[in-house]
Amino acid sequence: APQPAQPAPRPAPSLAGAEDVAFDSEGAVHVSAYYSSAVYKFDAQSGALLAVYGQGLVSGPVGIACDPSSGDMFVSSYRDDKVLRFTPG
């Protein structure tokens, strides 16, 4: 009998220049990656990649913090001197 189709695995994230780590209000782990110019959200228990955000908006993210009351993530963008707010899904 034919096997059901399996979803294609996600490519491994490029954590080049990983700079900072923060936990959100749900316990997920967010990692800012300087050279990738993105932030990666992982499940804290399984390590599975849940989301990638900030691409095209942050340039050299170095710091990250969570507002526990809203769940918003604040990311400092080194190369363009900004702090940006994200509501990751």
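Before reading further, recall that the structure is shown in the block above.
This is a predicted model, so every value here is computed, not measured.

Asks: Whenever I open this one, the pattern of salt bridges confuses me. Can you help?
Replies: Opposite charge on two side chains permits them to pair, given that their charged atoms come into close proximity. Throughout the structure, instances matching the rule amount to one salt bridge. Of the charged contacts in the structure, one is a salt bridge between Asp72 and Arg85, with a shortest N-O distance of 3.7 Å. Remark: Arg85 occurs in strand E7 (residues 82–86) and Asp72 occurs in the loop between strand E5 (61–66) and strand E6 (73–77); sequence separation between them is 13 residues. Taking the relative accessible area as the measure of exposure, Asp72 reaches 9% and is therefore buried. Accessibility expressed as a relative area gives 57% for Arg85, which makes it exposed.

Asks: I would appreciate a short explanation of the pairing of E6 in the present structure.
Replies: Across a regular strand the side chains alternate sides, sitting on one face of the sheet and then on the other. By the alternation rule, side chains of E6 split into Met73, Val75 and Ser77, which are all buried, and Phe74 and Ser76, of which none is buried. Two strands pair when backbone bridges link them, and E5 and E6 are joined in this way by five bridges, in the antiparallel orientation. Bridge pairing links Gly63 to Ser76 in E6. The antiparallel pairing of E5 with E6 creates a hairpin that spans six residues between the two strands, and Gly71 there sits at a positive phi of about 85 degrees. Alignment of E6 against E7, held across five bridges, turns out to be antiparallel. Pairing of Ser77 across the sheet is with Lys82, part of E7.

The rules behind the values
Each residue is numbered by its place in its chain's sequence as written, counting from 1. In view of the model being predicted, local features appear only for residues whose pLDDT reaches at least 70, and side-chain atom pairs are presented and counted only at 80 or more, with totals across whole chains, interfaces and linings using the full set of residues. The side-chain quantities take in all heavy atoms of the structure and omit both hydrogens and water. Just to be clear on terms, a salt bridge is a Lys or Arg side-chain nitrogen sitting within 4 Å of an Asp or Glu carboxyl oxygen. Helical segments are the DSSP runs of H or I of at least four residues, strand segments are the runs of E of at least two, and each set is numbered from the N terminus. When accessible area is computed with a 1.4 Å probe and restricted to protein chains, residues below 20% of their type maximum are described as buried, those above 50% as exposed, and intermediate ones as partly exposed. Strands were regarded as paired on the criterion that DSSP finds at least two bridges between them.

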